[in-house]
Amino acid sequence: MGRGEQTRSIEAVASRLPSESGVLVRHPARGSGTVATAELVAELKAQRDALVRENDELRLAHAAAEESRERYVQLFELAPVAFLELGPDGDVLQANEAAATLLGYPRSKLQGMALARLLAAGQRAAFLAVKATASELEAPQAWETTVVRADGAPLAVLMEVAAQPNPAGTHLLCAIVDISRQKMTETALSAVAHAFEEANARLRELAMNDPLTGLLNRRGFEHGLSVEMERARRSSSRLFAILVDLDDFKAVNDLYGHAAGDAALATTARRLREVLRPSDHLARIGGDEFLALLPDVKLAHARDVAERLRLAVAAVPVSLPQGSVRLTLSMAVSDVDLTSGSIEDILAATRGALKTSKSRGKNRVTIAPALESEPIEGSVLVRGLAYALRSRSFLSA
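Residues numbered from 1 in each chain as written. Predicted model: local features only at pLDDT ≥ 70, side-chain atom pairs only at ≥ 80, totals over all residues. Heavy atoms only, no water.

### Overview of the overall build of the chain
The condition that has to hold: Runs of H or I in DSSP of at least four residues are treated as helices and runs of E of at least two as strands, each being numbered from the N terminus. Note on exposure labels: buried denotes an accessible area under 20% of the residue type's maximum, exposed denotes more than 50%, and partly exposed covers the range between, all computed with a 1.4 Å probe on protein chains only. Every residue pair with non-hydrogen atoms within 4.5 Å of one another is taken to be in contact. Residue exposure ignores everything except the shown protein chains as possible cover, and the areas themselves are Shrake-Rupley values with a 1.4 Å probe.
The helix and strand tally for the chain stands at 13 helices and 14 strands. Split into buried and exposed, the 397 residues of the chain put 38% on the buried side. Across the chain, the fraction of contacts at a sequence separation of at least 24, relative to all contacts at a separation of at least 6, is 58%. Accessible surface for the chain amounts to roughly 22,600 Å². Of this, 55% is attributable to carbon and sulfur atoms.

### Looking at unusual backbone geometry
Phi at S236 takes a positive value of approximately 55°, unusual for a residue other than glycine. Mapped onto the elements, S236 comes out in the loop between α8 (218–235) and β8 (239–246). Positive phi outside glycine occurs at N363, with the angle close to 50°. Mapping N363 onto the fold places it in the loop between α12 (343–359) and β14 (365–367).

### Observations regarding the sheet that holds strand β4 (residues 92–95)
Rules: By definition, two strands form a pair when at least two bridges between them are found by DSSP. Axis definition: a line fitted to C-alpha atoms, limited for helices to the stretch in contact. Angles are taken between N-to-C directions and run from 0 to 180 degrees.
Strands sit in the order β4-β3-β7-β6-β5 across an open sheet of five strands; the sheet is antiparallel. Every other strand in the sheet has two partners, leaving β4 and β5 (141–148) as the edge strands with one partner each. Between one strand axis and the next, the sheet turns through 30° on average, direction left out of account. Here strand β6 (residues 154–164) pairs with strand β7 (residues 171–178) via eight bridges, running antiparallel.

In structure tokens form, the structure reads like this:
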């Protein structure tokens, strides 16, 4: 018997009972016991009223539930976002029109299809992990992934999944948002940013390096000089500079042309760089003039490096399209004043010694006058000859 039938039965019984309050019906056969008719009537009416109220509440709740369901259906159907309702096994129970349009499948085709089948290979793990813990989800889970449309085209999407408790098992409401344009924009912006970074790096390189030889230019050398001077002051070490000038290089340009001269300069720069340590600095500061900076060395080592630089260039002729040419270097060695060192200060300290190298026949190293009284440990000549013997490099007479 339903609640409505129970109510009607009680109402019928209650209507037949005496309505006069306070009337007592005695049953002598039962002794002194009495039946309070008015109390019985009141109790039955209270139960009837309670059932009526409960029925009204149930009708209101049913109406609200129906309204909520209709609103859910309208939102699901008319939403511009693709929605899929999934069963506990991850299969599509229903799909809205936006989902059919986005994925390229008819709605009837989507129903019963496993969502994992719509995901690109390698993109299913995140969804399967969410599905496995669907009953424990307290908040929607969202992630970027790739779905495969009916025509086989991949599509970048944002997928958000929320749990929907259901007597038959937890359902999942899945929203899918197309972010392919956003991804294309991000890719384009990333490419532009990368191009800008490469361009800026190239500009920085051009600002600090000589385009012909790849060595530092004056600006790059000045930066390295500033860093090394600060380091030398902290460590109480010394800095030495070597001024390098190609002998009679104008004749190479005049005889072979400027293109050949550029090739000879590039070869010379490479040979000089190969002699120096990674921590040393080498710059092209003029047409055929170079400047090396040697941190944390003594005079003997600086003199030795200068000799090796000289031999590295003089020992092997430079091959040019027009033939081979033998180049030599005149060089000067000086220490760097750590209080006010600059390229101009270094050049001022080494120009005189360079002129001495030129006047004494070129192809030689001269110590700056300020260092002539300083003892040089070891025999530079012996080290130079040993290097020549090891490399089998000898000067032609």
